[in-house]
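Breakdown of the fold
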Amino acid sequence: MRRETIIEIGGLIALGVMSRLLPHLPNMTAMSAIALKARTRFGPLGLAVPLVSMLLSDAVIGFYNWKLLLSVYASFAIVGMLGVFLKRSQSVVAIAMVATVGSIIFFLVTNAAVWALSSWYPHTPAGLLACYAAGLLFLFPMLCGDMLFSFVLFRSGHAFSSARASIDAWKLTGGHVPTPSHSSNAIRSASSRPPGTTISPT
C-alpha cells in the first residue's frame, strides 16, 4: 500500500475519532461523510474505515447494548455504500443528495432498531411512530454534519486545485495582473474586437 494511501486512511480515521470525542451537537459528526469518502476512494474495502473509527472512539466513550450498537455500525456501512454514486459526479448537488439520503437511512435504521430491541416504546405501529418522532430531534444536526463534512471531504480538493491553477497562471504571466477596463471603455472598444469575442462586465 502506498504511503499516501496510508496517510489518507489514517487521516480519515483520525477525523472520525476526533469528531466523536470533541464536543459536538448530538449526531453531528463526520462519520457518514467519512464512510462516503472511503467507499468512493478505496472501493468496498473502504467501508472498514468508518467502522475502525467507530471502534476506536467507542473504546473511549464506552460500548453499550451490542445489538443497538450493531445497528449503528451497519447503518454507517449502508451509508458508505452510497459512495458509489459519487464516483462519477462529485458536484454540489450530487453530494447534497447523497448526504441527505444517507442521513435518512441512518435515521430510519437506528430508530427502528431502538423500537424493536428496547422496551422504551410499545412494540406497535404507534410505538414505532413515537420512536421516529422522538428521533427527529437528532436528524437535523446529523443532516447538517453530514452535509458540512461531505462538502469538506469531497470539495476541498477542487478548491485546492482551482487555487493551484490560479497560482500557476499568475506565475506564467510573471506576476502581472491585468487591470480590468471600465465597462464604458469596453463598450467603446467593442467595435475593434475580433468577431466572436465577448465583453466581460466589470
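Since we're looking at a predicted model, the values are computed, not measured. (Residues numbered from 1 in each chain as written. Predicted model: local features only at pLDDT ≥ 70, side-chain atom pairs only at ≥ 80, totals over all residues. Heavy atoms only, no water.)

**What about the overall build of the protein chain?**
A count of helical and extended segments in the protein chain gives 7 helices and 0 strands. Reading the secondary structure of the protein chain in the N-to-C direction produces α-α-α-α-α-α-α. Looking at the protein chain as shown, the accessible area adds up to about 12,300 Å², and 71% of this sits on carbon and sulfur atoms. (Helix = DSSP H or I, 4+ residues; strand = E, 2+ residues; numbered from the N terminus. Areas by Shrake-Rupley, 256 points an atom, 1.4 Å probe, with all protein chains shown as cover.)

**What to know about the environment of Gln90**
Relative to the elements of secondary structure, Gln90 occurs in the loop between helix H4 (66-81) and helix H5 (92-117). One polar contact links the side chain of Gln90 to the main-chain carbonyl oxygen of Leu86, over a distance of 3.3 Å. (Polar contact = N/O pair within 3.5 Å; in protein donor to acceptor, adjacent residues only side chain to side chain.)

**Notes on the pattern of salt bridges**
Applying the stated criterion across every chain, the model contains 3 salt bridges. Where Arg2 meets Glu4, a salt bridge forms, and the shortest distance between an N and an O atom there is 3.7 Å. Judged by its relative accessible area of 60%, Arg2 is exposed. Among the residues examined, Glu4 registers a relative accessible area of 48% and is labelled partly exposed. Residue Arg20 pairs with Asp58 through a salt bridge whose shortest N-O separation is 3.0 Å. On the criterion of sequence distance, the pair formed by Arg20 in helix H1 (residues 3-21) and Asp58 in helix H3 (residues 48-61) is long-range, its members being 38 residues apart. (Salt bridge = Lys/Arg side-chain N within 4 Å of Asp/Glu carboxyl O. Buried < 20%, exposed > 50% of the residue type's maximum accessible area, 1.4 Å probe, protein only.)

**Quick word on the packing of H1 against H3**
Where H1 meets H3, the axes come as close as 8 Å, and the angle between the chain directions of the two elements is 40°. Between H1 and H3, the angle is such that the two are oblique. Read as a crossing pair, H1 and H3 show a hand that is right-handed. Taking contact as the criterion, the partners of Ile9, Leu12, Ile13, Gly16, Val17, Arg20 and Leu21 in H1 are, on H3, Val49, Val52, Ser53, Met54, Leu56, Ser57, Asp58, Val60 and Ile61. Across the contact of H1 with H3, the residue classes break down as 11 nonpolar, 3 polar and 2 charged. (Axes fitted to C-alpha atoms, helices over the stretch in contact; angles between N-to-C directions. Parallel < 35°, antiparallel > 145°, perpendicular 65-115°, else oblique. Left-handed = near helix turned anticlockwise from the far one by under 90°. Contact = heavy atoms within 4.5 Å. Nonpolar A, V, L, I, M, F, W, Y, C, P; charged D, E, K, R; others polar.)

**Some remarks on the nonpolar core**
Formed by 19 residues in total, the largest nonpolar core has its most connected members in Leu12, Ile34, Leu36, Val49, Leu86, Leu153 and Phe154. Where this core is concerned, the elements lending two or more residues are H1, helix H2 (31-42), H5 and helix H6 (125-172). With residues near it in sequence (within four places) discarded, Ile34 still touches Leu12, Leu15, Gly16, Val49, Pro50 and Leu153. Among the nonpolar cores identified, the runner-up in size contains 8 residues, and Met54, Leu69, Tyr73 and Met142 belong to it. (Core = buried A, V, L, I, M, F, W, Y, C linked by side-chain atoms within 4.5 Å.)

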